[in-house]
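The lines below spell out each chain.
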Amino acid sequence: MKKIRLLLTAIIALASLTASAEVNLKISKSEIESTVRNQPQKLKSLTDRFASGDSTLSREEVATVYFGTAMMPGFNPGAKYTDVENAYSASNFEEALRLIDNALASDPTNLALLFKGYGAASGLGKADRAAGFQKRLLGICEVIFGSGMGVSDASPYIVARPSDRDEFIAKYLQPVKITGSATLGDIDAVKMKLDGVKDEVILYFKPLAGAK
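Notes on the structure in this doc start here. Please read all numbers here as calculations on a predicted model, not as lab measurements.

Procedures and definitions
- The numbering scheme is per chain: residues are counted from 1 as the chain's sequence reads.
- Owing to the predicted nature of the model, reporting of local features is limited to residues with pLDDT of at least 70; listing and counting of side-chain atom pairs is limited to 80 or more, with chain, interface and lining totals taken over all residues.
- Excluded from the side-chain calculations are hydrogens and water; all other atoms, namely the structure's heavy atoms, are used.
- The way it works is that DSSP assigns letters per residue, a run of H or I at least four long becomes a helix, a run of E at least two long becomes a strand, and they are numbered from the N terminus.
- We call two residues in contact whenever any of their non-hydrogen atoms come within 4.5 Å of each other.
- The span you would expect from a helix comes to 1.5 Å times its residue count less one.
- When a residue's accessible area, from a 1.4 Å probe over protein chains only, is under 20% of the maximum for its type it is buried; when over 50% it is exposed; and in between it is partly exposed.
- Polar contact criterion, stated in full: a pair of N or O atoms within 3.5 Å, where within protein one must be able to donate a hydrogen and the other to accept it, and residues adjacent in sequence count only if both atoms are side-chain atoms.
- When DSSP finds at least two bridges between two strands, those strands are taken to pair.
- Here the axes come from fitting lines to C-alpha atoms, over the contacting stretch only for helices, and the angles between their N-to-C directions go from 0 to 180 degrees.

### A closer look at the environment of Pro175
- Mapped onto the elements of the fold, Pro175 is located in the loop between helix 9 (162–173) and strand 2 (177–184).
- The spatial distance from the C-alpha of Pro175 to the C-alpha of Asp195 is 6.6 Å, given a sequence separation of 20 residues.
- Not counting residues up to four positions away in its chain, the partners in contact with Pro175 are Ile169, Ala170, Met192, Lys193 and Leu194.

This is the structure:
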């Protein structure tokens, strides 16, 4: 993810010069809420395209799927998939992939499931399936990356669930080391050392429920 670390370096440098840099995700929470409330078939269509690995979806369409799914009744941001974890940890990738597919049917934007799906498919040598998982997880990570500047609590990254924050940091940003963390109201601050960035960086994350 060298490209992402270079982008972060540029953002950190920019943040030292201006406190009002533009966020590049051009869709608001209210617009997504309107789609969920008034155009459920549109959301379903976009979600089906996302689940199929459709690479023609715009970042705003992926954002509608990612955040829109989290706004649906019954969404559980703390959902645990112990059976998936057990099968994956045991390198039982066939079983893990079956369980992941079942879980994604009702939780299609869960980053932990998508990353494990990518790992399981890769471990089985199923390149096409791995590519499909990769398209989806990268789409979500790019939405999170575009949801805020991330380097100040005034413009945090927005995530649908705590585990998405953890997956985004560990597997997308891939820091050299996490050196600390704190919760400031409804914002999580995570201090880390990034490869290619001289000083330690603090990145800020906020759950969707608290976002504007």
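### Comments concerning helix 9
- With twelve residues, helix 9 extends 16 Å from end C-alpha to end C-alpha; this agrees with the ideal 16 Å at 1.5 Å per step.
- Of all the positions in helix 9, only Asp164, Arg165, Glu167, Phe168, Ile169, Tyr172 and Leu173 are classed as buried.
- Positive phi appears at Gln174, one or two residues downstream of helix 9, with a value of about 50°.

### Here's the deal with the side chain of Lys116
- Looking at the element boundaries, Lys116 is found in helix 7 (residues 111–123).
- In this structure Lys116 comes out as buried when scored by relative accessible area, which is 12%.
- Of the polar contacts made by the side chain of Lys116, one reaches the side chain of Glu85; its length is 3.2 Å.
- When neighbours within four sequence positions are excluded, Lys116 is seen to be in contact with Val84, Glu85, Tyr88 and Ile100.

### Comments concerning the sheet that holds strand 3 (residues 187–193)
- On the basis of which strands lie adjacent, the open sheet formed by four strands has the order 1-4-3-2 and mixed pairing. Across the chains shown, the open sheet's two edge strands, defined by having one partner strand only, are strand 1 (157–159) and strand 2. When the angles between neighbouring strand axes are averaged without regard to direction, this sheet yields 30°.
- Two elements, strand 2 and strand 3, share seven bridges in a ladder whose sense is antiparallel. The residue of strand 3 that forms the bridge with Thr183 is Asp188.

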